[in-house]
Amino acid sequence: MGKLADGRTVFVPYVLPDEEVMTEIVLNKKRFAKAVPIRWFSQADNRIQPACPYFGECGGCHYQHLSYGDQIDLKQSIVEDQFSRLAQIDDLPLAVIEISEKEYRYRNTVRLHTAQNGQLGFLRHNTRELVPIEDCLLAKGDLKRFLKQFSLLPEMEINSIQFRWDSNDEILILIDSDDIVPPEISIDFTGSIVHLSPAGEMVLVGGGTQLFEVKEVPFVVSAQSFFQANTFIAERMVSYLERHMPPVKGGLMMDLYSGVGLFSKFFAKLFDRCIAIEGAPSAVGDYVVNMDEYDHIEVYEGSVESILPSLDEQPEMVIMDPPRSGVDARVVDWLSEREVEKVIYISCDPSTLARDIKRMIQQGYHLQEVSMFDQFPQTYHIETISVLTL
(Lines give C-alpha, C1' and ligand atoms only; values in the text may rest on other atoms or scores of the structure.)
Protein backbone atom coordinates (compact mmCIF):
# COMPACT_ATOMS: atom_id res chain seq x y z
CA MET A 1 0.00 0.00 0.00
CA GLY A 2 1.29 3.46 -0.91
CA LYS A 3 0.22 7.01 -1.71
CA LEU A 4 -0.21 8.72 -5.07
CA ALA A 5 0.74 12.34 -5.70
CA ASP A 6 -2.92 13.37 -5.35
CA GLY A 7 -3.11 11.79 -1.90
CA ARG A 8 -5.08 8.70 -2.86
CA THR A 9 -4.14 5.31 -1.47
CA VAL A 10 -2.80 2.81 -4.01
CA PHE A 11 -2.91 -0.94 -3.35
CA VAL A 12 -0.11 -3.03 -4.84
CA PRO A 13 0.06 -6.82 -4.32
CA TYR A 14 3.25 -8.75 -3.52
CA VAL A 15 5.14 -5.67 -2.27
CA LEU A 16 6.52 -5.60 1.28
CA PRO A 17 7.00 -2.61 3.60
CA ASP A 18 10.15 -0.54 2.86
CA GLU A 19 10.44 -1.88 -0.70
CA GLU A 20 10.75 0.56 -3.60
CA VAL A 21 9.02 -0.48 -6.82
CA MET A 22 7.80 0.82 -10.13
CA THR A 23 4.09 0.11 -10.63
CA GLU A 24 1.43 0.30 -13.30
CA ILE A 25 -2.04 1.48 -12.30
CA VAL A 26 -4.72 -0.97 -13.42
CA LEU A 27 -7.75 0.52 -11.66
CA ASN A 28 -8.53 4.17 -10.93
CA LYS A 29 -11.21 5.10 -8.43
CA LYS A 30 -12.15 8.41 -6.80
CA ARG A 31 -10.70 7.48 -3.40
CA PHE A 32 -8.10 4.83 -4.26
CA ALA A 33 -6.28 3.01 -7.04
CA LYS A 34 -4.94 -0.48 -7.69
CA ALA A 35 -1.61 -1.16 -9.33
CA VAL A 36 0.70 -4.05 -10.19
CA PRO A 37 4.46 -4.11 -9.59
CA ILE A 38 6.63 -3.94 -12.71
CA ARG A 39 10.14 -3.50 -11.35
CA TRP A 40 11.82 -3.62 -7.94
CA PHE A 41 14.48 -1.01 -7.06
CA SER A 42 14.96 -2.38 -3.53
CA GLN A 43 13.73 -5.42 -1.62
CA ALA A 44 12.98 -5.96 2.06
CA ASP A 45 15.40 -8.03 4.14
CA ASN A 46 12.63 -10.45 5.15
CA ARG A 47 11.60 -11.31 1.58
CA ILE A 48 12.05 -15.03 0.83
CA GLN A 49 11.95 -17.15 -2.32
CA PRO A 50 8.39 -18.41 -2.98
CA ALA A 51 7.97 -22.18 -3.07
CA CYS A 52 5.51 -22.14 -5.98
CA PRO A 53 6.53 -21.33 -9.57
CA TYR A 54 3.13 -19.69 -10.18
CA PHE A 55 3.35 -17.26 -7.28
CA GLY A 56 2.82 -13.69 -8.48
CA GLU A 57 0.85 -14.87 -11.51
CA CYS A 58 -1.81 -17.10 -9.97
CA GLY A 59 -4.11 -15.14 -7.67
CA GLY A 60 -4.55 -17.93 -5.12
CA CYS A 61 -1.61 -17.10 -2.83
CA HIS A 62 -0.48 -13.71 -1.57
CA TYR A 63 2.22 -14.24 1.09
CA GLN A 64 4.62 -16.92 -0.16
CA HIS A 65 7.34 -14.26 -0.24
CA LEU A 66 7.14 -14.11 3.59
CA SER A 67 8.18 -16.63 6.22
CA TYR A 68 5.24 -18.19 8.06
CA GLY A 69 6.06 -16.28 11.22
CA ASP A 70 6.06 -13.00 9.30
CA GLN A 71 2.73 -13.95 7.72
CA ILE A 72 1.17 -14.36 11.17
CA ASP A 73 2.60 -11.02 12.32
CA LEU A 74 1.21 -9.32 9.21
CA LYS A 75 -2.24 -10.84 9.67
CA GLN A 76 -2.30 -9.76 13.29
CA SER A 77 -1.43 -6.20 12.27
CA ILE A 78 -4.21 -6.25 9.65
CA VAL A 79 -6.79 -7.33 12.23
CA GLU A 80 -5.63 -4.67 14.67
CA ASP A 81 -5.65 -2.00 11.95
CA GLN A 82 -9.19 -2.89 10.81
CA PHE A 83 -10.50 -2.67 14.37
CA SER A 84 -8.70 0.62 14.95
CA ARG A 85 -9.94 2.27 11.75
CA LEU A 86 -13.45 0.81 11.47
CA ALA A 87 -14.45 0.17 15.08
CA GLN A 88 -12.26 2.76 16.88
CA ILE A 89 -10.80 0.01 19.08
CA ASP A 90 -7.08 0.66 19.55
CA ASP A 91 -6.40 -1.79 22.38
CA LEU A 92 -7.74 -4.99 20.82
CA PRO A 93 -8.23 -7.81 23.39
CA LEU A 94 -6.41 -10.41 21.27
CA ALA A 95 -6.43 -13.63 23.28
CA VAL A 96 -5.28 -16.52 21.06
CA ILE A 97 -3.39 -16.93 17.79
CA GLU A 98 -3.65 -20.48 16.44
CA ILE A 99 -1.28 -21.35 13.60
CA SER A 100 -1.82 -24.08 11.05
CA GLU A 101 -0.23 -27.50 11.47
CA LYS A 102 0.89 -27.32 7.84
CA GLU A 103 2.02 -24.30 5.83
CA TYR A 104 1.35 -26.20 2.59
CA ARG A 105 -0.80 -29.20 1.57
CA TYR A 106 -3.48 -28.30 4.11
CA ARG A 107 -6.42 -27.32 1.92
CA ASN A 108 -9.02 -30.05 1.38
CA THR A 109 -10.84 -28.12 -1.38
CA VAL A 110 -9.45 -26.62 -4.58
CA ARG A 111 -11.51 -25.07 -7.36
CA LEU A 112 -9.99 -24.66 -10.82
CA HIS A 113 -11.35 -22.60 -13.69
CA THR A 114 -11.21 -23.52 -17.37
CA ALA A 115 -9.92 -21.60 -20.38
CA GLN A 116 -11.53 -21.68 -23.81
CA ASN A 117 -8.97 -24.25 -24.96
CA GLY A 118 -9.89 -26.57 -22.08
CA GLN A 119 -6.88 -25.83 -19.87
CA LEU A 120 -7.36 -25.81 -16.09
CA GLY A 121 -5.92 -23.22 -13.76
CA PHE A 122 -6.46 -20.33 -11.36
CA LEU A 123 -7.37 -16.74 -12.16
CA ARG A 124 -4.67 -14.11 -12.25
CA HIS A 125 -4.87 -11.58 -9.41
CA ASN A 126 -7.83 -9.18 -9.88
CA THR A 127 -8.53 -10.40 -13.43
CA ARG A 128 -10.54 -13.03 -15.31
CA GLU A 129 -7.40 -14.21 -17.07
CA LEU A 130 -6.54 -17.88 -16.49
CA VAL A 131 -3.10 -19.05 -15.38
CA PRO A 132 -2.75 -22.74 -16.36
CA ILE A 133 -1.22 -24.91 -13.63
CA GLU A 134 0.08 -28.44 -13.21
CA ASP A 135 -0.15 -28.53 -9.39
CA CYS A 136 -1.13 -26.48 -6.35
CA LEU A 137 1.03 -26.62 -3.23
CA LEU A 138 -1.91 -25.79 -0.98
CA ALA A 139 -3.98 -28.79 -2.10
CA LYS A 140 -4.15 -31.60 0.45
CA GLY A 141 -4.28 -34.37 -2.16
CA ASP A 142 -2.30 -35.28 -5.26
CA LEU A 143 -3.84 -32.70 -7.56
CA LYS A 144 -1.02 -33.10 -10.08
CA ARG A 145 -1.97 -36.73 -10.71
CA PHE A 146 -5.58 -35.82 -11.42
CA LEU A 147 -4.73 -32.91 -13.70
CA LYS A 148 -2.62 -35.21 -15.86
CA GLN A 149 -5.69 -37.38 -16.43
CA PHE A 150 -8.03 -34.55 -17.42
CA SER A 151 -8.42 -33.78 -21.11
CA LEU A 152 -11.14 -31.18 -21.57
CA LEU A 153 -12.52 -29.97 -24.89
CA PRO A 154 -13.91 -26.44 -25.42
CA GLU A 155 -17.27 -27.83 -26.53
CA MET A 156 -17.77 -29.38 -23.07
CA GLU A 157 -18.73 -25.89 -21.79
CA ILE A 158 -17.17 -26.54 -18.37
CA ASN A 159 -16.84 -23.46 -16.13
CA SER A 160 -14.91 -24.95 -13.23
CA ILE A 161 -13.88 -28.19 -11.56
CA GLN A 162 -13.67 -28.53 -7.79
CA PHE A 163 -11.55 -31.21 -6.13
CA ARG A 164 -12.28 -32.04 -2.48
CA TRP A 165 -10.54 -34.63 -0.31
CA ASP A 166 -12.31 -35.93 2.81
CA SER A 167 -10.84 -37.38 6.02
CA ASN A 168 -10.44 -40.78 4.34
CA ASP A 169 -8.66 -39.15 1.37
CA GLU A 170 -11.54 -40.05 -0.90
CA ILE A 171 -12.07 -37.35 -3.49
CA LEU A 172 -15.22 -35.68 -4.76
CA ILE A 173 -14.97 -33.97 -8.14
CA LEU A 174 -17.65 -31.34 -8.78
CA ILE A 175 -17.95 -30.30 -12.44
CA ASP A 176 -19.79 -27.00 -13.02
CA SER A 177 -21.00 -26.79 -16.60
CA ASP A 178 -23.40 -24.80 -18.78
CA ASP A 179 -24.23 -27.98 -20.72
CA ILE A 180 -26.98 -30.11 -19.19
CA VAL A 181 -25.39 -33.19 -20.79
CA PRO A 182 -22.60 -34.42 -18.49
CA PRO A 183 -19.13 -34.73 -20.04
CA GLU A 184 -17.48 -38.08 -20.58
CA ILE A 185 -14.53 -38.26 -18.20
CA SER A 186 -12.40 -41.32 -17.49
CA ILE A 187 -9.98 -41.13 -14.55
CA ASP A 188 -8.48 -43.55 -12.02
CA PHE A 189 -9.62 -42.62 -8.51
CA THR A 190 -11.73 -43.54 -5.46
CA GLY A 191 -14.66 -41.28 -4.72
CA SER A 192 -17.46 -39.42 -6.51
CA ILE A 193 -18.02 -37.28 -9.58
CA VAL A 194 -20.94 -34.84 -9.53
CA HIS A 195 -22.16 -32.77 -12.49
CA LEU A 196 -23.75 -29.39 -11.76
CA SER A 197 -25.62 -27.70 -14.62
CA PRO A 198 -28.74 -25.56 -15.23
CA ALA A 199 -30.67 -28.85 -15.00
CA GLY A 200 -29.47 -29.37 -11.43
CA GLU A 201 -27.13 -31.81 -9.72
CA MET A 202 -26.39 -35.25 -11.15
CA VAL A 203 -24.19 -37.85 -9.45
CA LEU A 204 -22.15 -39.56 -12.16
CA VAL A 205 -19.89 -41.75 -10.01
CA GLY A 206 -20.03 -42.76 -6.34
CA GLY A 207 -22.44 -41.60 -3.66
CA GLY A 208 -22.08 -37.85 -4.07
CA THR A 209 -21.25 -37.22 -0.39
CA GLN A 210 -18.10 -37.29 1.72
CA LEU A 211 -17.20 -37.92 5.35
CA PHE A 212 -15.13 -35.39 7.29
CA GLU A 213 -13.96 -35.88 10.86
CA VAL A 214 -13.33 -33.12 13.38
CA LYS A 215 -12.02 -34.32 16.75
CA GLU A 216 -13.09 -37.85 15.68
CA VAL A 217 -16.69 -36.70 15.16
CA PRO A 218 -17.98 -37.52 11.64
CA PHE A 219 -19.80 -35.09 9.35
CA VAL A 220 -21.59 -35.97 6.13
CA VAL A 221 -20.98 -33.26 3.51
CA SER A 222 -22.69 -33.15 0.12
CA ALA A 223 -21.13 -31.92 -3.10
CA GLN A 224 -22.56 -28.38 -2.92
CA SER A 225 -22.19 -27.93 0.85
CA PHE A 226 -19.41 -25.90 2.41
CA PHE A 227 -17.03 -27.38 4.97
CA GLN A 228 -13.94 -25.95 6.64
CA ALA A 229 -11.01 -26.20 4.22
CA ASN A 230 -8.40 -26.74 6.95
CA THR A 231 -9.71 -29.43 9.30
CA PHE A 232 -6.77 -29.03 11.71
CA ILE A 233 -7.80 -25.42 12.33
CA ALA A 234 -11.47 -26.47 12.51
CA GLU A 235 -10.52 -28.71 15.45
CA ARG A 236 -8.68 -25.84 17.12
CA MET A 237 -11.72 -23.61 16.70
CA VAL A 238 -13.99 -26.20 18.32
CA SER A 239 -11.53 -26.64 21.21
CA TYR A 240 -11.45 -22.89 21.73
CA LEU A 241 -15.26 -22.66 21.77
CA GLU A 242 -15.47 -25.49 24.30
CA ARG A 243 -13.82 -23.16 26.80
CA HIS A 244 -16.58 -20.60 26.30
CA MET A 245 -19.56 -22.88 26.80
CA PRO A 246 -21.81 -22.54 29.88
CA PRO A 247 -20.87 -24.75 32.85
CA VAL A 248 -24.49 -25.81 33.46
CA LYS A 249 -26.78 -27.32 30.82
CA GLY A 250 -29.97 -25.46 29.96
CA GLY A 251 -31.66 -22.80 27.87
CA LEU A 252 -31.57 -22.15 24.13
CA MET A 253 -28.60 -21.99 21.78
CA MET A 254 -28.95 -20.56 18.28
CA ASP A 255 -26.58 -21.50 15.45
CA LEU A 256 -26.84 -18.86 12.72
CA TYR A 257 -25.38 -19.61 9.27
CA SER A 258 -25.06 -23.13 10.64
CA GLY A 259 -23.75 -24.93 7.55
CA VAL A 260 -23.73 -28.70 7.91
CA GLY A 261 -23.76 -28.44 11.72
CA LEU A 262 -20.11 -28.25 12.76
CA PHE A 263 -20.81 -26.21 15.90
CA SER A 264 -24.28 -27.57 16.65
CA LYS A 265 -22.88 -31.10 16.68
CA PHE A 266 -20.49 -30.27 19.50
CA PHE A 267 -22.52 -27.80 21.56
CA ALA A 268 -26.26 -28.47 21.11
CA LYS A 269 -26.04 -31.18 23.77
CA LEU A 270 -25.18 -28.51 26.35
CA PHE A 271 -28.56 -26.82 25.92
CA ASP A 272 -32.22 -27.79 26.29
CA ARG A 273 -32.94 -26.54 22.77
CA CYS A 274 -30.98 -25.65 19.64
CA ILE A 275 -32.26 -23.62 16.69
CA ALA A 276 -30.25 -23.44 13.47
CA ILE A 277 -30.73 -21.21 10.41
CA GLU A 278 -28.97 -21.91 7.11
CA GLY A 279 -29.56 -20.62 3.59
CA ALA A 280 -28.01 -23.36 1.43
CA PRO A 281 -30.47 -26.24 0.80
CA SER A 282 -27.72 -28.86 0.51
CA ALA A 283 -26.20 -27.77 3.84
CA VAL A 284 -29.62 -27.93 5.51
CA GLY A 285 -30.02 -31.49 4.28
CA ASP A 286 -26.60 -32.41 5.64
CA TYR A 287 -27.37 -30.65 8.93
CA VAL A 288 -30.46 -32.85 9.40
CA VAL A 289 -28.38 -35.99 8.77
CA ASN A 290 -25.53 -34.90 11.04
CA MET A 291 -27.85 -33.95 13.89
CA ASP A 292 -30.10 -37.00 13.59
CA GLU A 293 -29.18 -38.33 17.06
CA TYR A 294 -30.75 -35.31 18.78
CA ASP A 295 -34.46 -34.65 19.30
CA HIS A 296 -34.24 -31.08 20.60
CA ILE A 297 -33.13 -29.46 17.33
CA GLU A 298 -35.03 -27.09 15.02
CA VAL A 299 -33.58 -26.02 11.67
CA TYR A 300 -34.87 -23.31 9.34
CA GLU A 301 -33.90 -23.02 5.68
CA GLY A 302 -33.51 -19.46 4.43
CA SER A 303 -31.60 -16.24 5.03
CA VAL A 304 -30.82 -15.38 8.63
CA GLU A 305 -31.90 -11.75 8.20
CA SER A 306 -35.32 -12.89 6.93
CA ILE A 307 -36.05 -15.67 9.41
CA LEU A 308 -34.49 -14.44 12.65
CA PRO A 309 -36.70 -11.33 13.14
CA SER A 310 -39.82 -13.52 12.88
CA LEU A 311 -38.75 -15.82 15.74
CA ASP A 312 -40.12 -15.11 19.21
CA GLU A 313 -37.24 -16.71 21.09
CA GLN A 314 -34.91 -15.81 23.95
CA PRO A 315 -31.57 -17.59 23.46
CA GLU A 316 -28.91 -17.73 26.16
CA MET A 317 -26.17 -17.91 23.52
CA VAL A 318 -25.84 -17.32 19.79
CA ILE A 319 -23.08 -18.64 17.55
CA MET A 320 -22.93 -16.99 14.14
CA ASP A 321 -20.60 -17.79 11.25
CA PRO A 322 -21.68 -15.47 8.41
CA PRO A 323 -20.21 -15.20 4.91
CA ARG A 324 -17.54 -12.65 4.05
CA SER A 325 -20.16 -9.89 3.80
CA GLY A 326 -20.82 -10.13 7.54
CA VAL A 327 -24.16 -9.90 9.35
CA ASP A 328 -27.11 -7.76 8.38
CA ALA A 329 -28.01 -4.84 10.66
CA ARG A 330 -31.35 -6.56 11.32
CA VAL A 331 -29.49 -9.43 12.96
CA VAL A 332 -27.59 -7.08 15.27
CA ASP A 333 -30.85 -5.30 16.13
CA TRP A 334 -32.55 -8.60 17.01
CA LEU A 335 -29.69 -9.70 19.26
CA SER A 336 -29.78 -6.38 21.08
CA GLU A 337 -33.57 -6.29 21.43
CA ARG A 338 -33.57 -9.83 22.86
CA GLU A 339 -30.65 -8.97 25.13
CA VAL A 340 -28.78 -12.14 24.20
CA GLU A 341 -26.19 -12.47 26.94
CA LYS A 342 -23.42 -14.10 24.90
CA VAL A 343 -22.66 -13.92 21.18
CA ILE A 344 -19.83 -15.78 19.49
CA TYR A 345 -18.99 -14.29 16.10
CA ILE A 346 -16.89 -16.35 13.68
CA SER A 347 -15.58 -14.24 10.81
CA CYS A 348 -13.51 -14.69 7.66
CA ASP A 349 -13.18 -10.95 6.94
CA PRO A 350 -11.77 -8.56 9.56
CA SER A 351 -13.19 -5.46 7.86
CA THR A 352 -16.85 -6.55 7.96
CA LEU A 353 -16.22 -8.02 11.42
CA ALA A 354 -14.96 -4.67 12.73
CA ARG A 355 -17.97 -2.92 11.18
CA ASP A 356 -20.39 -5.36 12.85
CA ILE A 357 -18.58 -5.28 16.21
CA LYS A 358 -18.86 -1.49 16.21
CA ARG A 359 -22.63 -1.80 15.69
CA MET A 360 -22.90 -4.31 18.52
CA ILE A 361 -20.87 -2.16 20.92
CA GLN A 362 -23.11 0.79 20.11
CA GLN A 363 -26.06 -1.36 21.16
CA GLY A 364 -24.56 -2.28 24.51
CA TYR A 365 -22.27 -5.26 23.88
CA HIS A 366 -18.79 -5.64 25.34
CA LEU A 367 -16.02 -7.18 23.25
CA GLN A 368 -14.56 -9.72 25.65
CA GLU A 369 -11.86 -11.10 23.35
CA VAL A 370 -10.82 -11.78 19.76
CA SER A 371 -8.77 -14.79 18.62
CA MET A 372 -7.09 -15.51 15.29
CA PHE A 373 -7.08 -18.90 13.55
CA ASP A 374 -4.84 -19.21 10.51
CA GLN A 375 -7.12 -21.24 8.30
CA PHE A 376 -5.31 -20.30 5.07
CA PRO A 377 -1.49 -20.01 5.24
CA GLN A 378 0.17 -18.28 2.25
CA THR A 379 -2.98 -16.18 1.67
CA TYR A 380 -4.36 -12.93 3.08
CA HIS A 381 -7.51 -14.63 4.37
CA ILE A 382 -7.98 -14.32 8.14
CA GLU A 383 -10.34 -16.32 10.35
CA THR A 384 -11.27 -14.93 13.75
CA ILE A 385 -13.56 -15.74 16.66
CA SER A 386 -14.92 -12.87 18.75
CA VAL A 387 -16.70 -13.29 22.08
CA LEU A 388 -19.21 -10.58 23.02
CA THR A 389 -21.25 -10.24 26.20
CA LEU A 390 -23.83 -7.85 27.58
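In this report, we go over the structure that sits alongside the text. Quantities reported herein were computed from a predicted structural model and do not represent experimental measurements. (Residues numbered from 1 in each chain as written. Predicted model: local features only at pLDDT ≥ 70, side-chain atom pairs only at ≥ 80, totals over all residues. Heavy atoms only, no water.)

**A word on a nonpolar patch on the surface**
Definition in use: Each patch is built from residues lacking any salt bridge and having more than 30% relative accessible area; the joining distance is 9 Å for like charges and 5 Å for nonpolar side chains (Val, Leu, Ile, Met, Phe, Trp, Tyr). Method for areas: the Shrake-Rupley scheme with a 1.4 Å probe, in which residue coverage is limited to the protein chains shown. When a carboxyl oxygen of Asp or Glu is within 4 Å of a side-chain nitrogen of Lys or Arg, the pair counts as a salt bridge. Only DSSP runs of H or I with at least four residues qualify as helices, and only runs of E with at least two residues qualify as strands; both kinds are numbered from the N terminus onward. For the exposure calls, accessible area comes from a 1.4 Å probe over protein chains only, and a residue counts as buried if that area is under 20% of its type's maximum, exposed if over 50%, partly exposed in between.
Side chains of Met22, Ile38 and Phe41 sit close together on the surface and give an oily, nonpolar patch of about 280 Å² of accessible area. Following the sequence through the fold, Met22 ends up in strand β3 (residues 20–28). Overall, the relative accessible area of 38% leaves Met22 in the partly exposed class.

**What to know about the environment of Asn126**
Here Asn126 is to be found in the loop between β7 (120–123) and β8 (130–132). A residue is classified by how much of its surface remains accessible, and Asn126, at 56% relative accessible area, is exposed. Sequence separation between Asn126 and Leu94 is 32 residues; the distance between their C-alpha atoms is 31 Å.

**Examining helix α7 (residues 329–337)**
The test is simple: Pairs of N or O atoms within 3.5 Å make up the polar contacts considered here, provided that, within protein, one atom can donate a hydrogen while the other can accept it, and that residues adjacent in sequence are counted only when both atoms are side-chain atoms.
Within α7 the residues assigned to the buried category are Val331, Val332, Trp334, Leu335 and Ser336. Measuring from the side-chain oxygen of the N-cap residue of α7 to the backbone nitrogen of Arg330 gives 2.8 Å; that N-cap residue is Asp328. Immediately downstream of α7, the backbone of Glu339 shows phi near 55 degrees, a positive value.

**Section: the sheet that holds strand β15 (residues 252–256)**
The strands making up a sheet associate through hydrogen bonds between their backbones, and the pairing can be parallel or antiparallel. Our working definition: Any two strands with at least two DSSP-identified bridges between them are counted as paired. Axis lines are fitted through C-alpha atoms, for helices just across the contact stretch, and the angle between N-to-C directions can take any value from 0 to 180 degrees. In this analysis, two residues are considered to be in contact whenever any of their non-hydrogen atoms come within 4.5 Å of each other.
If you trace the 8 strands from one edge of the open sheet to the other, you get β5-β20-β21-β19-β18-β15-β16-β17, paired in mixed fashion. Across the chains shown, the open sheet's two edge strands, defined by having one partner strand only, are β5 (94–98) and β17 (297–301). Strand-to-strand twist across the sheet, computed as the mean angle between neighbouring axes with direction ignored, equals 15 degrees. Two strands pair when backbone bridges link them, and strand β20 (residues 366–373) and strand β21 (residues 383–389) are joined in this way by 7 bridges, in the antiparallel orientation. Within β21, the residue paired with Leu367 across the bridge is Leu388. In this fold helix α1 (residues 68–87) packs onto β5, β20 and β21, with an angle of close to 155 degrees to the strand it touches most, β20. Sitting on the sheet, helix α8 (residues 350–362) touches β18 (317–320), β19 (342–347), β20 and β21, and the angle it makes with β19 is about 160 degrees.

**With respect to the packing of α1 against α8**
This is how the line gets drawn: Each angle gets one of four labels, with under 35 degrees taken as roughly parallel, over 145 as roughly antiparallel, 65 to 115 as roughly perpendicular, and the rest as oblique. With the far helix as reference, a near helix turned anticlockwise by less than a right angle produces a left-handed crossing, and one turned clockwise produces a right-handed crossing. Gly is put with the polar residues, along with every residue not named as nonpolar or charged; the nonpolar set is Ala, Val, Leu, Ile, Met, Phe, Trp, Tyr, Cys and Pro, and the charged set is Asp, Glu, Lys and Arg.
One can describe the packing of α1 onto α8 by two numbers: an axis separation of 9 Å at closest approach and a directional angle of 40 degrees. Judged by the angle between their axes, α1 and α8 are oblique. Crossing angle aside, the handedness with which α1 passes α8 is right-handed. Listed contacts from α8 to Ile78, Val79, Gln82, Phe83, Leu86 and Ala87 of α1 are Pro350, Ser351, Leu353, Ala354, Ile357 and Lys358. Its residues assigned to classes, the contact of α1 with α8 shows 9 nonpolar, 2 polar and 1 charged.

**Topic: helix α3 (residues 231–242)**
We apply this condition: For a helix, the expected span equals 1.5 Å multiplied by the residue count minus one.
End to end, α3 covers 17 Å across 12 residues, agreeing with the expected 16 Å (1.5 Å per residue, within 8%). All of the buried residues in α3 are Phe232, Ile233, Ala234, Met237, Val238, Tyr240 and Leu241.

**With respect to the pattern of salt bridges**
Note on pairing: side chains with opposite charge can pair once their charged atoms come close. The final tally for this structure, using the stated rule, is 17 salt bridges. When the shortest N-O distance is used, the salt bridge between Arg105 and Asp135 registers 2.8 Å. Here Asp135 lies in the loop between β8 and α2 (143–149) and Arg105 lies in the loop between β5 and β6 (109–114), a separation of 30 residues in the sequence. Here Glu242 makes a salt bridge to Lys215, at a shortest N to O gap of 3.0 Å. Separated by 27 residues along the polypeptide, Glu242 in helix α3 and Lys215 in the loop between β13 (209–214) and β14 (217–222) bring together distant segments of the chain. Judged by relative accessible area, Glu242 falls into the partly exposed class, the value being 38%.

**Brief notes about the packing of aromatic side chains**
Note the cut-off: Stacked, edge-to-face and tilted are the three classes for Phe, Tyr and Trp ring pairs, Trp counted by its six-membered ring, which pair at centre distances within 6.5 Å; planes under 30 degrees apart are stacked, over 60 edge-to-face, the rest tilted.
Under the counting rule described, the total for this entry stands at 11 aromatic pairs. Their ring planes at 75 degrees and their centres at 5.2 Å tell us that Tyr14 and Phe55 sit as a pair that is edge-to-face. One end of the pair, Tyr14, is in the loop between β2 (9–11) and β3; the other, Phe55, is in the loop between β4 (32–42) and α1, and 41 residues separate them in sequence. For Phe55, a relative accessible area of 16% translates into the label buried. Pairing Phe150 with Phe163 gives two aromatic rings, centres 5.7 Å apart and planes at 85 degrees, and the pair type is edge-to-face. With Phe150 in the loop between α2 and β9 (158–165) and Phe163 in strand β9, this residue pair connects regions lying 13 residues apart in the sequence. Across the pair, Phe163 and Phe150 agree in class, each one buried. Aromatic rings pair up to connect Phe212, Phe219, Phe227, Phe266 and Phe267 into one cluster.

**Observations concerning a negative patch on the surface**
To be explicit about the condition: Note on charges: Lys and Arg go in the positive column, Asp and Glu in the negative column, and His and the chain ends are not counted at all. By convention, the point assigned to a charge is CZ for Arg, NZ for Lys, CD for Glu and CG for Asp.
There is a patch of like negative charges on the surface, built from Asp272, Glu316, Glu339 and Glu341. Residue placement: Glu316 occurs in the loop between α6 (304–307) and β18.

**Details of the side chain of Gln378**
Take Gln378: it is sitting in the loop between β20 and β21. Within polar-contact distance, the side chain of Gln378 engages the backbone oxygen of Glu103 at 3.3 Å. Residues contacting Gln378, with those up to four places away along its chain left out, are Cys61, His62, Tyr63, Gln64, Gln71, Glu103, Tyr104 and Leu138.

**Observations regarding the nonpolar core**
Stated precisely, the cut-off is as follows: By convention a nonpolar core is built from buried Ala, Val, Leu, Ile, Met, Phe, Trp, Tyr and Cys residues, the set being connected through side-chain atoms within 4.5 Å.
Grouped together as the largest cluster of nonpolar side chains are 36 residues, with contacts concentrated most on Leu241, Phe263, Phe267 and Ile319. In this structure Ile319 touches Met245, Met253, Met254, Asp255, Leu256, Phe263, Phe267, Ile344 and Ile346, once residues within four positions along its chain are discounted.

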